[in-house]
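# Overview (structure and organization)
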Amino acid sequence: MKKFLLLTVFALFMVITVACSSDSSGEADGSSDDGSWEPEEPIEIVAPAGAGGGWDTTARMVAKVFNEESIIEESIGVVNKAGGGGAVGWAYVAGHEGSGHNMFVASPPLLFIPLNGQSEYGHEDFTPIANVIADYAAFAVAADAKWDNLNELFDDMKEDPSSITVVGTSSPGSMDHIQFVKIAKAAGVDVTKIKYVSDQDGVGLTQLLNGSVDVFSTGVSETVEQVKAGTIKVLGVTSEERLEGEILEDFPTAKEQGIDETFVNWRGFFGPPNMDEAAVAYYEEKFKELSDSEAFADIRKQFGWDEMYMGSEEYSQFLGDEKEKIQTLLDELGLGQ
Amino acid sequence: MGSLEGILTGFQVAFSLEGVLFVLIGVFVGTFIGMLPGLGPISAIAVMIPITFGMDPAPALVMMAGVYYGAIFGGSTSSILLNAPGVSGAVATAFDGYPMAQQGKAGKALAIAAICSFFGGTVSVLLLMLLAPALSSVAIAFGPPAYFALMLMGLTAISSLSEGSTIKALLSAVAGFMVATIGIDAQTGTQRFTFGNVNLLEGLDFLVIALGLFALAEVCTLIINRKDLSQENTHKIGSMKLSKEDINEMKGPATRQSLLGFIIGVLPGAGATIASFIAYISEKKIAKNPEEFGKGSVRGLAAPEAANNAATSGAFVPLLSLGIPGSGTTAVMLGAFLVLGVQPGPLLMTDRPEIFWGVIASMYIGNVFLLILNLPLIPYFAKILKIPRPLLISLVIMFSIIGVYAISFNTFDLYMLLLFGVVGFLMRIFSFPAPPFILAFILGGMMEQAFRQSLTISNGSLMIFVQDPIALSLLIVSLLSFVFPLVRQLRKRKG
């Protein structure tokens with residue numbers, strides 16, 4: 001009986017450790033008289049998705065460098081709030097209006113999901129703090145596929161759109177779909193006829209390898225290992241210029257193939273609505289310092305990310321422009337709300 | 001022979017002091033978290049990721065793998081003792097494990113589960129070692145039509161999971177299907193049955209349904225049926241010694257279902273849950289006395305336990321050799337690999353043999369540790385049942401709530417848990433079986449997606465299910481498993 005009690009106590013302890021990581025706290029205001037601001041309690045970064053994904057990785061890496069390099073002394077906790085492609089996490093952060101100790105990591109779905117009508121909160125509702133990195137899309141086909149570049153693929157799609165299936169992880173109207181549509185449209189493909197299947201168990205690659213589908217729309221880094229092993233080939237990436245790094249530098253851009261379009265998978269951080277301006281300024285500076293640090297450069301290299309720092313104001317402007325472009329695409333596809 | 005060298009390197013890593021130590025830590029943490037109702041391998045791995053920061057990748061990954069299969073190993077405990085499965089792979093374990101515990105044979109049930117888990121785990125590690133490179137082609141052999149057929153085969157289980165009224169079992173399954181459609185539809189991005197509620201966008205989590213329908217409904221039943229309190233049996237733990245007959249009973253199912261479980265585990269997306277269900281059903285189909293299933297049958301407990309542990313090692317095939325995570329849990333595992341700077345994929349075996357083979361080799365040790373760790377503890381775990389009823393009931397409720405809250409720290413999930421507790425209780429009162437509901441819920445979502453992916457690819461032609469040889473053979477098997485019982489019944493009537 002004693003041992004059981006001991007076990008129960010240990011169990012409770014474990015559970016509490018898990019649960020505590022999500023403790024949100026009061027909204028202490030750290031503004032001092034001279035207008036500067038410093039955090040006065042642990043900072044919480046929400047990754048609005050499960051552990052292990054792109055958002056989660058970015059948030060954890062950023063938190064790690066902030067603390068390890070002593071850029072921010074106050075401890076930083078990453079909390080996963082999965083659900084609704086981000087909507088659950090956004091609703092949560094929106095509930096901390098004005099707080100200087102809550103933020104979340106975001107990327108283009110913050111634009112897609114509200115435009116698809118799946119979230120009442122959009123980027124305008126939050127305080128953009130800083131963008132940190134950029135990632136790009138890659139379109140891959142099986143190694144023995146008949147296409148060797150994007151134009152060959154798109155020519156076949158123009159001829160018979162029903163013969164080619166594209167697979168991605170996100171649902172139609174979100175990232176993997178739109179990044180492909182955006183480039184295909186610039187190449188003159190009738191984007192309303194593109195056959196897109198969503199495979200949310202993350203087995204899109206399997207479907208490509210066994211020949212169930214023809215094209216895999218994904219992130220650049222997801223393709224590297226397979227290209228090295230010679231199982232797939234990348235027809236094009238969506239960056240402005242060729243990427244750096246072994247293997248990556250061999251991927252042709254859509255632009256150099258004469259398709260004048262790009263797609264950036266930007267990733268940055270947002271605060272709750274009406275975050276204190278002094279707090280925004282504080283974090284802007286800290287994110288800049290992070291972005292310039294050697295430690296973060298190593299991490300960028302490890303994950304194949306590009307540097308893309310934008311401060312609050314520039315970021316806001318950028319988001320507005322992006323949103324407009326996406327809105328047009330979604331309207332054409334009949335997915336806009 | 002390069003891979004022999006690789007295997008030896010792997011054993012070197014696994015049997016180094018560091019390797020052994022971290023396997024031990026991994027399986028201990030895993031089995032412990034897995035035992036808590038509601039906390040499964042995903043939470044266990046997520047908790048451990050920060051600890052691995054800065055560690056050497058080989059021992060760190062050996063430890064993470066240990067956490068993963070340790071959690072599946074331990075997951076049977078709460079299923080058996082409390083009817084509160086913490087992982088979807090342990091739902092089928094509750095079908096016969098819980099009745100057995102109720103009959104005062106909790107010790108025996110836990111021992112069977114531990115031994116079959118060990119057996120399934122070890123057999124599949126052996127297969128993994130011998131066949132991993134070759135199996136990567138099996139892992140990608142299944143396209144959407146084949147997945148649809150596999151799920152359909154799993155669903156034929158509904159007929160064998162129904163005690164009493166088949167109509168009620170089917171209705172229960174239909175309800176499960178309906179609940180599975182809640183959320184954003186993956187193929188169109190449309191919201192279904194979310195009532196504009198942001199918390200429903202992602203659909204309902206498996207745990208909410210399982211703990212509601214099983215654990216909370218059981219709690220309600222215990223509270224209502226006060227006469228149960230006087231039943232001495234449920235307090236008994238019984239000996240954990242297995243008789244010769246028990247061992248003979250276990251042998252067949254454990255061997256067969258370890259193999260089957262491993263193969264299903266290799267398929268991305270299928271995994272331990274489907275393996276355990278198919279194991280349970282197929283054992284029931286070939287059993288001489290299928291009427292014992294669901295009432296505390298040794299075979300009914302041995303089959304899913306061997307299968308779910310075998311499937312866990314099987315899931316490492318696509319993860320390690322293709323870099324494809326086949327489930328939520330393996331996706332988190334993949335994240336753990338990446339954090340440590342290791343990219344699983346076709347090149348892992350040649351580039352980092354110490355990691356590829358080290359992880360696999362460590363599973364032998366891990367499984368032995370799990371057995372050594374679990375067997376002596378069984379009497380202590382089983383003592384849970386000696387706790388006075390009112391206290392035990394409160395504990396089950398508490399753990400269910402903690403488990404569900406830990407999914408996404410969202411109180412909305414708790415209301416849903418409560419709702420499904422009430423639904424489960426009503427279902428019991430009107431004798432609607434819960435297993436078909438949960439089976440349809442788990443398989444339904446994946447089956448629908450696979451069906452619609454297939455039709456998109458084929459431009460709407462159903463022929464795609466017949467043209468795919470794997471899909472066709474699975475469909476024939478499902479058809480036969482439906483027709484045979486009917487034919488048998490008709491013959492009986494004539495006779």
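Residues numbered from 1 in each chain as written. Chains lettered and ligands numbered in written order. Predicted model: local features only at pLDDT ≥ 70, side-chain atom pairs only at ≥ 80, totals over all residues.

Let us look at the overall build of chain A. Counting its regular elements, chain A contains eleven helices and ten strands. Residues counted as buried form 53% of the 337 residues belonging to chain A. For chain A, restricting intrachain contacts to residue pairs at least 6 apart in sequence, the fraction spanning at least 24 positions comes to 78%. (Helix = DSSP H or I, 4+ residues; strand = E, 2+ residues; numbered from the N terminus. Buried ≥ 20, exposed ≤ 12 C-beta atoms within 10 Å, placed from the backbone. Contact = placed C-beta atoms within 7 Å.)

To continue, consider the overall build of chain B. Counting secondary structure elements, chain B contains 21 helices and two strands. Against the globule reference of 23 Å for 495 residues, chain B gives a C-alpha radius of gyration of 22 Å, in line with a compact fold. Dimensions of chain B, computed from C-alpha atoms along their principal axes, come out at roughly 60 × 60 × 55 Å. Within chain B, the fraction of its 495 residues that count as buried is 60%. Counted over contacts in chain B with a minimum sequence separation of 6, partners at least 24 positions apart contribute 80%. (Rg over C-alpha atoms; globule rule 2.2 N^0.38 Å.)

Moving on to the pairing of strand 4 (residues 127-142) of chain A. Residues and elements named next belong to chain A. Counting buried positions along strand 4 gives 15 out of 16 residues, so the element sits mostly inside the fold. Of the strand pairs in this sheet, strand 4 and strand 9 (residues 264-271) are connected by eight bridges, and their pairing is antiparallel. Among the inter-strand pairings, I133 is bridged to a residue of strand 9, identified as R267. Here strand 4 pairs with strand 10 (residues 306-311) via four bridges, running antiparallel. Bridge assignment links N131 to a residue of strand 10, and that residue is M310. Here strand 4 pairs with strand 7 (residues 215-219) via four bridges, running antiparallel. Note that in strand 7 the partner of A140 across the bridge is F216. (Pairing = 2+ DSSP bridges.)

All right, on to the confidence of the model for chain A then. In low-pLDDT segments, the atomic positions of the prediction should not be examined closely. Of the residues in chain A, 88% reach a pLDDT of 70 or more, and the chain-wide mean stands at 86. Here residues 18-31 of chain A scores under 50 on pLDDT; set against residues more than four positions off or in separate chains, the count is 25 contacts. (pLDDT = per-residue confidence, 0-100.)

Moving on, we get to the domain arrangement of chain A. Residues and elements named next belong to chain A. Assigned domains of chain A: these are domain 1 (43-134 + 265-333) and domain 2 (136-264). Here the C-alpha centre of domain 2 lies 26 Å away from the C-alpha centre of domain 1. Counting residues at the interface gives 16 residues for domain 1, matched by 18 residues for domain 2. Among the secondary structure elements, those contributing two or more residues to the side of domain 1 that touches domain 2 are helix 4 (109-115), strand 9 and helix 11 (312-333). Element by element, the count of residues in the side of domain 1 that touches domain 2 is highest for helix 11, at five residues. (Domains from an automatic or database assignment.)

The next subject is the interface of chain B and chain A. Residue-level contacts link 50 residues of chain B with 52 residues of chain A. When contributions to the side of chain B that touches chain A are tallied by element, the ones reaching two or more residues are helix 3 (41-52), helix 14 (328-339), helix 17 (389-408) and helix 19 (435-457) of chain B. Broken down by element, the side of chain B that touches chain A gets its largest block of residues, six residues, from helix 14 of chain B. The residue inventory of the side of chain B that touches chain A, partitioned by class, reads 28 nonpolar, 20 polar and two charged. (Nonpolar A, V, L, I, M, F, W, Y, C, P; charged D, E, K, R; others polar.)

So, about the confidence of the model for chain B. Across chain B, the average pLDDT comes to 85, with 96% of residues at or above 70. Averaged pLDDT values over the elements of chain B bottom out at 69 in helix 7 (residues 157-161) of chain B and peak at 94 in helix 18 (residues 411-429) of chain B.

Let's shift gears to the nonpolar core. Among the nonpolar cores identified, the biggest contains 281 residues, and I45 of chain A together with I45, L61 and M64 of chain B are the most heavily contacted of them. The dominant element in this core, judged by the number of residues it contributes, is helix 5 (residues 91-139) of chain B, at 25 residues. Each of domain 1 (43-134 + 265-333) and domain 2 (136-264) of chain A contributes no fewer than three residues to this core. In this view, L61 of chain B contacts F337, L340, V342, I355 and V359 of chain B; residues no more than four positions away in its chain are not counted. (Core = buried A, V, L, I, M, F, W, Y, C linked by C-beta atoms within 7 Å.)

The residue S70 of chain A is not glycine, and still its phi comes out positive at about 55 degrees. Within the secondary structure, S70 of chain A is located in the loop between helix 2 (54-68) and strand 2 (76-80). Overall, the presence of 7 C-beta atoms within 10 Å leaves S70 of chain A in the exposed class. A positive phi angle, near 60 degrees, is found at N459 of chain B, a position not held by glycine.

We now examine helix 18 of chain B. All names here are of chain B. Counted at 1.5 Å a residue, the expected span for helix 18 with its 19 residues is 27 Å, and the 28 Å between its end C-alpha atoms agrees. Listed in full, the buried residues belonging to helix 18 are D413, L417, F420, G421, V423, G424 and M427. Considering only its buried residues, helix 18 is in contact with helix 8 (166-180), helix 9 (206-224) and helix 17. One or two positions beyond helix 18, positive phi appears at S431, with a value near 45 degrees. (Expected span 1.5 Å × (residues − 1).)

This brings us to the environment of H101 of chain A. Residue and element names in this part refer to chain A. Within the fold, H101 resides in the loop between helix 3 (87-94) and strand 3 (102-106). Put simply, H101 and A279 are 178 residues apart on the chain and 8.8 Å apart in space, counted from C-alpha to C-alpha. What H101 contacts, discounting residues up to four positions off in sequence, is P39, E41, I43 and E44.

Before going further, it helps to examine the packing of helix 10 (residues 244-266) of chain B against helix 12 (residues 298-314) of chain B. All names here are of chain B. One way to put it is that helix 10 packs onto helix 12 with a least axis distance of 6 Å and a crossing angle of 30 degrees. In terms of axis orientation, helix 10 runs roughly parallel to helix 12. Regarding helix 10 and helix 12, the two cross each other, and that crossing is right-handed. Considering only residue class, the contact of helix 10 with helix 12 consists of 15 nonpolar, eight polar and three charged. (Axes fitted to C-alpha atoms, helices over the stretch in contact; angles between N-to-C directions. Parallel < 35°, antiparallel > 145°, perpendicular 65-115°, else oblique. Left-handed = near helix turned anticlockwise from the far one by under 90°.)

Packed helices, taken two at a time, are described by the angle their axes make and the gap between the axes. Residue and element names in this part refer to chain A. At their nearest, the axes of helix 6 (residues 175-186) and helix 11 sit 11 Å apart, and the two run at 85 degrees to each other. On the basis of their axis angle, the class for helix 6 and helix 11 is roughly perpendicular. Contact residues: I178, V181, K182 and K185 in helix 6; I326, L329 and L333 in helix 11. Residues that form the contact of helix 6 with helix 11 fall into these classes: five nonpolar, no polar and two charged.

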